[in-house]
Structure formats: structure tokens, C-alpha cells
Amino acid sequence: MKTMKIKIPLMLFPVLFALVGPRAEASWLIDAERFHVSAHGQISCQDCHEEISIPERHPDPRKIGRERMGIFDAGRCYSCHDDVESDLDRGIHGKEKARDPWAYEKCTACHQPHYQALLADKAEGKLDPARPIKEQCGSCHERKTSLPKPSVEDEACMACHLSVPADDLQASARIARLCFNCHGLAGAKAAEMAGMPVSPINEKAYRNTPHSSISCTVCHPGAVSSGHASKSTGECRQCHLSRHDEKVAHDAHVGVTCEACHMGNVEPFRDPVTKRVEWRRKKRPDRESGIHRMVATTDDETACTRCHFQGNQLGAVAMVLPSKSILCMPCHTATFSVRDTTTVISLVVLLFGMASVLSYWLSATLNGTKEKGAVGKLIKLSGQAIRAVFSRGFPLIVKAIIIDVIFQRRLLRQAPARWCIHSLIFLPFVFRFGWGIVALTASLIKPEWSWYWFMLDKNDPVTGLLFDVTGIMVISGVCLAGFRGIKERTRRSPDLPGQDYLALSLMAGIILFGFLLEGVRIAMTGAPGGASYSFVGYAISRCFSDISVLEDAYGFLWYFHAVLTGAFAAYLPFSRMFHIVMGPIVLAMNAVSAQRRGSH
């Protein structure tokens, strides 16, 4: 099949350029290649900009904040294109009838003066707009190896206005020189002329900031164009692909912008519509700007206390809370950290209790081993488990763990009522633990991925709904277990232990305080979008009429919730509910033994 080539008339080039537009930075910065082949490429800059030597400073600070149409003067074009002016007086523009001649007074609304292509009757060659200009050198004249140097009078213009690639070593210095013309310490006069307070930037101090080696336009992509004051900044994650994991940030902080934590000389605020924590500059014209000095966050509470202080209006808790530790992993996307006192004490007691149980188990004789010491038996069992994992029967072991450990097939056959109660308590923890492990692992290995971040967002509809449903399931299971224990108390043999109400109470307390914390958080943050799907927490949040006290109360409630979790973890090895942990281990060991016997 032959490829059809379509030739586009040169008279259509202006339309194409108007549709495609110049490069993002090409308003004050000029693409030398495209300018060279344009209609104005062979004239001096000052033929159109003859007034640049008149104001006290160039660029004129009084104009840079205005949009391009607001400072355009058609007389500048008519000084050369007087035929266009006369045609408009007769109601004609180009070859078309101009119904409203006044609509054509803003030439630059359609024509980009620096890249306007030559009309067909004036073009000396044929240019293909789909190909790079540098590949077509020779279409209009003898082929050259480089563009001609600007004239002496234009050299000063191009020293600032020539566009260079962002990765060019000159880009950073060139753009910085242009920006510091107004924003540097010497720019006080420019700020005075513009009537806008600008905190000056110390050029020497700026060179020691993290981003001084890159062009200003990377973070301020629209800064080199008209309407300068209204341009928004770029997205941090265009370069910083990864986000912070829970261990670094103490929480996902999905609803907080990067700049609110990291930039100097800014103050965070909560957007009343989106409920996100945004940032704004602290305007102090009498002081040097420190906005480019990044604030450290790793093991440093400086950035945290920017939001977390008493009396903040951000919906942030007054105290800086530690990251969720390893004890929180059965319910939350927590971290593999052991930093706070509650976790340390609870974990020590938990490990002591589990070691005591394990040593008691290992005191018995194990089938198929001659080892007598506990350590030798433990090594023997570990070796058998490792061999089973890498054996052909491993899929059978996985199947047994899923059916017998997670879904408890044996208990379902023996006692369906007990299975229902056990599942209401056990399966939500399995689900939430798996959810948290997936999200945490992804955030540690590939933080630049975006698909899993909804799993870390407490206000995401899916996350909020599933976590409230699983919480209700646990509360229901705990209540049914308690009622069943009371009901069977008279029928139970005196020699058998009764229901462990302390363990059930601790578990219920953890879940109920979790719901209370969720409600307080939603109330503090103004019920962000998606929070209503956390139906329990959302209902609780509606009960708070005065949220001013919540920023202090949340911290104490959080720590009480953590203490309940630590107490349950410490008590677990000594409680009747220890079978929640040891039952799956025993069933998994039985599956390994069955596989080993089957292989012989």
C-alpha cells in the first residue's frame, strides 16, 4: 500500500499555527528556528518594539501582569500593514468580507507575530509544518549549518528572550536572569512601579536551594507570558514521581498539597470547596522571600507543626501523632515501625507470651524427629516448612490454608452458628490486613503508581464504605459471641473455661473508638467529598455542633484507641482468643505435614 502525501498550501499555515499554537514557553521566549522562517524573521526586534528604550525599566512592570490583548495596539501592526487597515475600512480582511471590522482590531487574537508564516505569494520555498524546522533548512535558501547571528541591536533582546531547551545548561541561568530582573533584590523599583508588593529573592541564597539548577519555568510554566501575575505553578509530581509512604508522612496526606508541607514562607489553608489543604504565599515585601527553601520532613516536626498546632483552621489535630505502627496492621495501612511507647511495651509482652506458648509446644515430642531441645525442634520445623514451600505440593498447601484457615471449612461443618460468629470477627481482619499490606507494599516499592492510592485515602468512597462495613461486622460478631457465652453459661460444664469477656470488650472498644475517631476526623475536616460513604463515622460527625474543641480531643482519643489496641495485643497470648492466631498456624503446619507424608 502506498502512502498518500497531502500538500498543504502555505496560505493555510497561519491557521495551522493558530490551532497548534507556540510552545508553552514561547510568549516572552522566542523559538529561534520558528521565528527565522516566519514573516517577521528577517526584521529587527525594535522594528515592532521600538518603545522598549522609553520606560524606566524593561520589561515594563506595569504591563507584565496584564493579558496580551490588554496591552495590544493595532497601530503597531498598521505601521507596516497599512493595506490591512484600509481594507478593514472597506469591510474586507484578506479575501473575505469583514462583517464587523472592529472584531479584527486585535490582530494577535488570530496571528502569533513571532511565528506567523509567510503567505503563499511571498514564500520562497515550501515548508512542511509537520516536520521540525531544522530538518528543512535549504527549502528557501542554500543549506546552512546554523542560524544567522542576531544583529547587534537585537543581541541584547535575545540574551533574555531566546528560548533554549529545558535541559540546556544555559536555560536555568538565562531564565533566572530574566526573573530576577523584577524578583531579585534589585527589583524593588519594579515592584514600586507595578504597585504590587513582591518579596525579593536573594540571588546568592537562591543558588543554595534544591531547585536552583533547573529552569524557573519548570515550576512556573506560564510565568514567561502575559498575564504573569495570574499564572498557576506547576505540579511537583511532574518531577517528583513518588509520594511519601506512611512511615515518612505519618499518614497518606492525600488531601494535602506538596507545597503546604515543603515550601518555605507559605501558609497552608483549607479550600472551602474541595476541602483540600492548599497553600498561599506570606506577602512580606519588607523581607527576603524564603519560598524556595524547602522544608525538611524526615524525622523533623518543623513541617508538621505548620498545620498541627492549637487553634489551626485546617481541620488538623493539634498534636503531632506518631505513624501507625506494626500493631495497627490488622486494621489499617500501617507501617513496619516500633517507635511509640505503647507499641514497644505491648510488643514486648506479646512476644513474651507467644514465646512462652511456643516453648510449651516444643516441650512435647515431635513425630519424625529425634531432636530434644526446643531450638533444635524449631529449626527442624522451620526446615520442613521451607522445603514444603519449594515443593511440588505447595499449591495444595495454599489451597488448604485458604479453605481451612481463612474460610474455616472444618468449623462450618461442625458448628455453623459458631462459624458465623467466628467469620464475622475473623474475616474482616483478614480483609483489612490484606488491603493494608497491598497498599503499603505498593507505596514502598512503586510510590509513583497511582492505582492504589485510593486504598490509602480515608475519604475515598470505596475505602470508607468497606472499612465501615467490616467494622460493623466485627462489632456484630463480638456481640453475638457475648450473647452466646451468656446463653450457654448454665449448660457449660464447670470444668470448662467460660467466654473471655475481657478480650471481647477490648476488641469492641477498639472498633467503637475507631468509629468515634472517624466521626471526629470527618467533622474536623468539614466532611470532604466521599466522606459520607463512611456512613457510621459520617453519622457520628453530624453530632458535633462545636468543632473547635475537636482538634485537641482527637489526639487524646487517638492515644486511647492506641492503648486499647496495645492492651489487646499484650493480653492476646494469655486469652482464650489466642486461637485466632494459633489456629491458622496449627492448620498450616498440619497442611505441611500432610503434604510431606503424601510425598513419601
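Residues numbered from 1 in each chain as written. Predicted model: local features only at pLDDT ≥ 70, side-chain atom pairs only at ≥ 80, totals over all residues. Heavy atoms only, no water.

> Hey, could you go over the overall build of the protein for me, with residue numbers and the actual values?
When helices and strands are tallied, the protein shows 23 helices and 4 strands. Residues counted as buried form 37% of the 600 residues belonging to the protein. Looking at the protein alone, contacts between residues at least 24 apart form 64% of all its contacts between residues at least 6 apart. For the protein, the exposed surface amounts to about 35,900 Å²; the carbon and sulfur share of it is 62%. (Helix = DSSP H or I, 4+ residues; strand = E, 2+ residues; numbered from the N terminus. Buried < 20%, exposed > 50% of the residue type's maximum accessible area, 1.4 Å probe, protein only. Contact = heavy atoms within 4.5 Å. Areas by Shrake-Rupley, 256 points an atom, 1.4 Å probe, with all protein chains shown as cover.)

> Give me the packing of helix α19 (residues 461-487) against helix α20 (residues 501-524): which residues, what numbers.
Following both chains from N to C, one finds α19 and α20 inclined at 155°, their axes separated by 10 Å at the closest point. Viewed along their axes, α19 and α20 adopt a mutual orientation that is roughly antiparallel. Crossing geometry of α19 relative to α20 is assigned as left-handed. Listed contacts from α20 to Asp468, Gly471, Ile472, Val474, Ile475, Val478, Ala481, Gly482, Gly485 and Ile486 of α19 are Tyr501, Leu504, Met507, Ala508, Ile511, Leu512, Phe515 and Glu518. Grouping the amino acids of the contact of α19 with α20 by side-chain chemistry returns 13 nonpolar, 3 polar and 2 charged. (Axes fitted to C-alpha atoms, helices over the stretch in contact; angles between N-to-C directions. Parallel < 35°, antiparallel > 145°, perpendicular 65-115°, else oblique. Left-handed = near helix turned anticlockwise from the far one by under 90°. Nonpolar A, V, L, I, M, F, W, Y, C, P; charged D, E, K, R; others polar.)

> I'd like a rundown of the packing of aromatic side chains, residues and numbers included.
Within this structure, the stated rule accounts for 9 aromatic pairs. For the pair Trp451 and Tyr452, a centre-to-centre distance of 5.5 Å together with 75° between the ring planes defines the contact as edge-to-face. Trp451 sits in the partly exposed class, given a relative accessible area of 47%. A relative accessible area of 0% means that Tyr452 is categorised as buried. Relative to Tyr559, the ring of Trp558 has its centre 5.1 Å away and its plane inclined at 85°; by these criteria the two rings are edge-to-face. A residue is classified by how much of its surface remains accessible, and Tyr559, at 33% relative accessible area, is partly exposed. Chaining the aromatic ring pairs together yields one cluster made of Phe431, Trp435, Phe454 and Phe467. Taking NZ or CZ as reference, Arg34 lies 4.1 Å from the ring centre of Tyr115, over its face. (Phe/Tyr/Trp six-rings, centres within 6.5 Å; stacked < 30°, edge-to-face > 60°. Lys NZ or Arg CZ within 6 Å of the ring centre and 35° of its normal.)

> Any chance you could break down the confidence of the model for the protein for me, citing the residues and the numbers?
Interpreting fine coordinate detail is not advised for predicted regions of low pLDDT. When the pLDDT values of the protein are averaged, the result is 80; 83% of them are 70 or greater. Mean pLDDT per element in the protein: helix α1 (residues 13-20) is the minimum at 35, and helix α21 (residues 535-541) is the maximum at 96. Between residues 1-26, whose pLDDT stays under 50, and residues either more than four places distant or in other chains, the model counts 32 contacts. (pLDDT = per-residue confidence, 0-100.)

> Please set out the pairing of strand β4 (residues 277-281) residue by residue, giving values where relevant.
Taken together, the 5 bridges between strand β3 (residues 266-270) and β4 define a ladder with antiparallel strand orientation. Note on β4: the bridge partner recorded for Phe269 is Glu278. The hairpin formed by β3 and β4 contains 6 residues between the paired strands, and Lys275 there has a positive phi angle of roughly 70°. (Pairing = 2+ DSSP bridges.)

> So what about the pattern of salt bridges? Which residues, and what values?
Within the structure shown, the criterion is met by 5 salt bridges. Asp87 is the salt-bridge partner of Arg90, the closest N and O atoms lying 2.5 Å from each other. For Arg90, a relative accessible area of 57% puts it in the exposed group. Relative accessible area serves as the criterion here: at 18%, Asp87 is assigned to the buried category. The shortest N-O distance in the salt bridge between Arg484 and Glu488 comes to 3.4 Å. A relative accessible area of 28% places Arg484 in the partly exposed class. (Salt bridge = Lys/Arg side-chain N within 4 Å of Asp/Glu carboxyl O.)

> Can you explain a nonpolar patch on the surface? Please cite residues and give values.
Together, Ile326, Phe336, Val338, Val344, Ile345, Val348, Val349, Phe352, Leu444, Ile445 and Phe574 line one region of the surface with nonpolar side chains, adding up to about 1,000 Å² of accessible area. Elements supplying a minimum of two residues to the nonpolar patch: α14 (341-362) and α18 (416-445). With respect to the helices and strands, the residue Leu444 is situated in helix α18. (Patch = residues over 30% accessible without salt bridge, like charges linked within 9 Å, V, L, I, M, F, W, Y side chains within 5 Å.)

> Before we move on, could you go through the nonpolar core and cite the residues and values that matter?
Counting residues in hydrophobic clusters, the biggest one holds 21 residues, and the most contacted among them are Val478, Met507, Phe568 and Met577. For this core, the secondary structure elements donating two or more residues are α18, α19, α20 and α22 (550-571). The biggest single contributor to this core is α20, with 8 residues. Discounting residues that sit within four places of it in the chain, Met577 has contacts with Asp500, Ala503, Leu504, Met507, Phe568 and Leu572. (Core = buried A, V, L, I, M, F, W, Y, C linked by side-chain atoms within 4.5 Å.)

> Go over the side chain of His36, please, and point to the residues and values.
Topologically, His36 is positioned in helix α2 (residues 32-36). Not counting residues up to four positions away in its chain, the partners in contact with His36 are Gly41, Gln42, His141, Leu147 and Pro148.

> Got a sec to walk through unusual backbone geometry? Specific residues and values, please.
Even without glycine at this site, Asn265 takes up a positive phi of about 60°. Within the fold, Asn265 resides in the loop between α13 (258-262) and β3. Not every positive phi belongs to a glycine, and Ala527 is a case in point at roughly 55°. Relative to the elements of secondary structure, Ala527 occurs in the loop between α20 and α21.

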